[in-house]
Amino acid sequence: MKGPIVVRELAEVLGVRPNQLIAELMRLNVLASISESIEIKDASRVAEKHGFTVEREKKPEHKPLPVKKETKEAEVAKERAIVELLRPPVVTVLGHVDHGKTSLLDRIRNTTVARGESGGITQHIGASTVGTGKKRITFLDTPGHEAFTAMRARGATMTDIAIIVVDAQDGLMPQTQEAIKHAQAAKVPIMVAINKIDLPGANPDRVKQQLAGIALTPEDWGGSTICCLVSALTGQGVPELLDMILLQAEVLELKANPGKPATGFVIESQLESGMGPTANLLVSNGTLNVGDVILCGPLCGRVKALIDDHGKKLKSAGPATPVKCLGLPGVPQAGAAFEIVADDKTGRIIAEERQASEKLATLSAPKRASLANIFDKLKENDQVELNLIIKTDVQGSLEAIAHALKQIKSDKVTVNIIMSGVGGINANDVLLASASNAIVIGFHVSVDEGANRMSKKEGVEIRLHSIIYELVDQVREGMTGLLVPLLREKVIGHAEIKQVFTISKGSVIAGCMCTDGKITSRCKARVKRAGAVVFEGVLNSLRRFQNDVSEVKESQECGVRLENFSAFAEGDILEFFDVERIAQTL
């Protein structure tokens, strides 16, 4: 080997993961990313631990070949060939409310300013960009998983990496586990930042043990989850956390084409005094320029101004860049996708079509899941799945309810617990229920005002209980109610047509003699002629001596009129029957 070696290449030769090799180099006080080179002496020290030796490669001397100067046309063609370039990662920080998400974000921003970044965060627009050396990371400032779930509910996952912040003292809390489930549901790579390691009661190993218990085994324990020990208060471990984010981004190979028209999503939107409608956008691909015609849902406008997270006006914004956009005629929906169109006319046509589609969808909007209407799905599928989100007062109740629901066996209806947790029902639970078409069930818990409003807006059903067996019985009854009842015919009587009468307005009545059983005004009838059925339908009227009656018995005469049938003939046999609805069992 001659000269420095790239970390990625050395990892391939040694047969280890790049992040494991970087961790070993860090212990040797050698800081290098996956794409950087290290000296031979440092490579030798690491290689010896894995049973390898590093030798210098002897290469024959040769004269350099003359370089052919490219023509201008070749240079243009080469530029056009560059389709995708690496882009900054988009990171969302999630976790329990008291575990230091905001403090960690503030420390990250302060750290980057201390490293020489110009300016500070002077304007909150839902996301911020920080620089680490020559590279950038975009952090979404929507720390709770309410917004995270709302994006997923609208099919717009904007995050590349989710960082779960865990207090080294408290360990995994119910809300932390909820955040993990939301990240897993969105299929986003998870990193864990174990915070507050500077406190006396910190126990990172206990946190790692808890993570291993929920299938997030740390890397140093033989798993694949990246765990970083940090202190938002002192800044300890924050640089290493940023390095691991960049390493994960390199592994993901996040790319975008800055030469294309911009596409992306709305982070937040609002009406601002002096500005009018503003939309905080995150550019996913391409470049957004002032003057572009932007189409966002049913809204179309021309970009008048772009403002970054430092309050600075921009002429353009590339991939993974958060900006405030002015120029839309209204306030778009958070999570909505945007794109750039060729001209105003095209944008207006598409916007009008979307407005019409939204209006039609509103008029015929499908109902959310409820124990009363899910059975409609049986018309399309043989099996129905009842999705549930369960919130209880204590963990013991949650385990008992989950166990009891699992004991309900059925080949026709299945219960799927999307998420369960301890604590009151909040807007986040309703958003997840909306995204997964589930019912929210609470046991000895309350519903906060935000969840009530959200449930009405999203059409999500919330059911509260205080007795476990009543909860289980209602779910069982609901599952049974989802099954379409079986229909069974029961013949109640016969009659023979003796004479056919035509009265005013062309109405035809069959004069009959009830030969056996009985005839009721609510039963159904079929007309048989020479043993073949010529009609089947419902009675329009049943009369005796010009009077409407509800029942005619054997050997009695009557007049019968059927709905949508008048071609009676003397000698026809009328067979009367009821249809019984027999409830199915699980």
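Nothing here was measured: the structure is a model prediction, and the numbers come from that model. (Residues numbered from 1 in each chain as written. Predicted model: local features only at pLDDT ≥ 70, side-chain atom pairs only at ≥ 80, totals over all residues. Heavy atoms only, no water.)

Peer 1: I tried to follow the overall build of the chain on my own but got confused; where do I start?
Peer 2: Within the chain, the secondary structure is distributed over 14 helices and 32 strands. Classification of the 586 residues of the chain by burial places 44% in the buried group. Contacts in the chain between residues far apart in sequence, at least 24 positions, make up 71% of those at least 6 positions apart. (Helix = DSSP H or I, 4+ residues; strand = E, 2+ residues; numbered from the N terminus. Buried < 20%, exposed > 50% of the residue type's maximum accessible area, 1.4 Å probe, protein only. Contact = heavy atoms within 4.5 Å.)

Peer 1: Sorry if this is basic, but what is going on with the packing of aromatic side chains here?
Peer 2: In this description, a pair of aromatic rings is defined by centroid distance and the angle of the planes. Under the criterion given, the structure shown has two aromatic pairs. Taking 4.7 Å as the distance between ring centres and 15° as the angle between the ring planes, the aromatic pair formed by Phe 535 and Phe 565 counts as stacked. Of this pair, Phe 535 sits in strand β28 (residues 532-544) while Phe 565 sits in the loop between β31 (557-562) and β32 (573-582), and the two are 30 residues apart along the sequence. The residues Phe 535 and Phe 565 share a single accessibility class, namely buried. (Phe/Tyr/Trp six-rings, centres within 6.5 Å; stacked < 30°, edge-to-face > 60°.)

Peer 1: Hey, could you run me through the pairing of strand β9 (residues 226-229) in this one?
Peer 2: By the alternation rule, side chains of β9 split into Ile 226 and Cys 228, which are all buried, and Cys 227 and Leu 229, of which none is buried. In this sheet, β9 lies alongside strand β8 (residues 190-195) in parallel orientation, the contact comprising four bridges. Pairing of Val 192 across the sheet is with Cys 227, part of β9. Each parallel crossover has a hand, and for β8 linked through helix α8 (residues 204-213) to β9 it is right-handed. (Pairing = 2+ DSSP bridges. Right-handed = clockwise from strand over helix to strand, strands pointing away.)

Peer 1: Any chance you could explain the side chain of Arg 87 here in plain terms?
Peer 2: Along the polypeptide, Arg 87 turns up in the loop between β3 (85-86) and β4 (90-95). Polar contacts involving the side chain of Arg 87 include one to the side chain of Asp 160, which spans 2.8 Å. Once residues within four sequence positions are removed from consideration, Arg 87 is found in contact with Asp 160, Leu 254, Lys 255, Ala 256, Ser 284, Pro 319 and Ala 320. (Polar contact = N/O pair within 3.5 Å; in protein donor to acceptor, adjacent residues only side chain to side chain.)

Peer 1: I would appreciate a short explanation of the state of the cysteines in the present structure.
Peer 2: By definition, a disulfide links the sulfur atoms of two cysteines through a covalent bond. Applying the stated rule across the entire model yields zero disulfides. With no disulfide partner, Cys 227 has as its closest neighbouring cysteine sulfur the one in Cys 228, 7.5 Å distant. Left unpaired, Cys 512 is separated from the closest cysteine sulfur, that of Cys 558, by 5.1 Å. Residue classification places Cys 512 among the buried residues on the basis of a relative accessible area of 3%. (Disulfide = S-S within 2.5 Å.)

Peer 1: What exactly am I supposed to notice about the pairing of strand β25 (residues 486-502) here?
Peer 2: Pairing analysis gives ten bridges linking β25 to β32, with the strands arranged antiparallel. Along β32, the bridge assignment pairs Leu 486 with Ile 582. Pairing geometry for β25 and strand β26 (residues 508-520), over nine bridges, is antiparallel. When the sheet's bridge partners are listed, Thr 502 is paired in β26 with Val 508. Counting the residues in the hairpin turn of β25 and β26 gives five residues, including Lys 505, whose phi is positive at 60°.

Peer 1: Explain helix α7 (residues 174-185) here, please?
Peer 2: Counted at 1.5 Å a residue, the expected span for α7 with its twelve residues is 16 Å, and the 16 Å between its end C-alpha atoms agrees. Of the residues trailing α7, Lys 187 is marked for its positive phi of about 55°. (Expected span 1.5 Å × (residues − 1).)

Peer 1: Which parts of the structure should I look at to understand the sheet that holds strand β16 (residues 305-307)?
Peer 2: Think of a sheet as strands paired side by side through backbone hydrogen bonds, with each pair either parallel or antiparallel. Taken together, eight strands build an open sheet; the order of strands is β15-β14-β20-β11-β12-β19-β16-β17 and the sheet is antiparallel. If you trace the sheet from one side to the other, it starts and ends with β15 (299-302) and β17 (313-314), each paired once. Summarising the sheet, strand β14 (residues 293-296) and strand β20 (residues 337-341) pair through four bridges and their orientation is antiparallel. Across the sheet, the residue bridging to Cys 296 is Phe 338, located in β20.

Peer 1: Quick question: what am I supposed to make of the pattern of salt bridges here?
Peer 2: A side chain of one charge can pair with a side chain of the opposite charge when the charged atoms of the two come close. Overall, the coordinates contain 18 salt bridges when judged by the stated rule. The partner of Arg 87 in a salt bridge is Asp 160, with the nearest N and O atoms 2.8 Å apart. Of this pair, Arg 87 sits in the loop between β3 and β4 while Asp 160 sits in the loop between α6 (145-153) and β7 (161-167), placing them 73 residues apart in sequence. Here Arg 87 matches Asp 160 in class, with each residue buried. A salt bridge links Arg 529 to Asp 572; the nearest nitrogen and oxygen atoms lie 2.7 Å apart. Taken as a pair, Arg 529 in strand β27 (residues 524-529) and Asp 572 in the loop between β31 and β32 lie far apart in primary sequence, 43 residues in all. A residue is classified by how much of its surface remains accessible, and Arg 529, at 32% relative accessible area, is partly exposed. Overlapping salt bridges, with partners in common, bring together Glu 489, Arg 526, Lys 528, Glu 536 and Glu 575 in one network. (Salt bridge = Lys/Arg side-chain N within 4 Å of Asp/Glu carboxyl O.)

Peer 1: I'm lost on the side chain of Asn 195 in this one. Help?
Peer 2: One can find Asn 195 in strand β8. On the basis of relative accessibility, which here comes to 2%, the residue Asn 195 falls in the buried class. Setting aside residues no more than four positions away along its own chain, Asn 195 makes contact with His 99, Gly 100, Val 165, Val 166, Asp 167, Ala 168, Val 230, Ser 231 and Ala 232.

Peer 1: Quick question: what am I supposed to make of helix α9 (residues 238-252) here?
Peer 2: Owing to its 3.6 residues per turn, the α-helix aligns residues three or four sequence positions apart on the same side. Across its 15 residues, α9 extends 21 Å between first and last C-alpha, which sits within 8% of the 21 Å expected from 1.5 Å per residue. Restricting attention to buried positions, one finds in α9 the residues Val 238, Leu 241, Leu 242, Met 244, Ile 245, Leu 246, Leu 247, Gln 248, Ala 249 and Glu 250.

Peer 1: Please clarify how the packing of helix α12 (residues 427-436) against helix α13 (residues 449-458) should be interpreted in this entry.
Peer 2: For any two helices packed against each other, the geometry is given by the interaxial angle and the distance between the axes. Where α12 meets α13, the closest approach of the two axes is 8 Å, and the angle between their N-to-C directions is 20°. One way to sum up the angle between α12 and α13 is to call them roughly parallel. For the pair α12 and α13, the sense of crossing is right-handed. Of the residues in α13, those touching α12 at Ala 427, Val 430, Leu 431 and Ser 434 are Gly 450, Ala 451, Met 454, Ser 455 and Glu 458. For the contact of α12 with α13, the per-class residue count stands at five nonpolar, three polar and one charged. (Axes fitted to C-alpha atoms, helices over the stretch in contact; angles between N-to-C directions. Parallel < 35°, antiparallel > 145°, perpendicular 65-115°, else oblique. Left-handed = near helix turned anticlockwise from the far one by under 90°. Nonpolar A, V, L, I, M, F, W, Y, C, P; charged D, E, K, R; others polar.)

Peer 1: Explanation requested: the packing of helix α1 (residues 7-14) against helix α2 (residues 18-27) in the structure shown.
Peer 2: Following both chains from N to C, one finds α1 and α2 inclined at 105°, their axes separated by 9 Å at the closest point. In terms of orientation, α1 and α2 fall into the roughly perpendicular class. Mapping the contact onto sequence places Val 7, Leu 10, Ala 11 and Leu 14 in α1 and Pro 18, Leu 21, Ile 22 and Leu 25 in α2.

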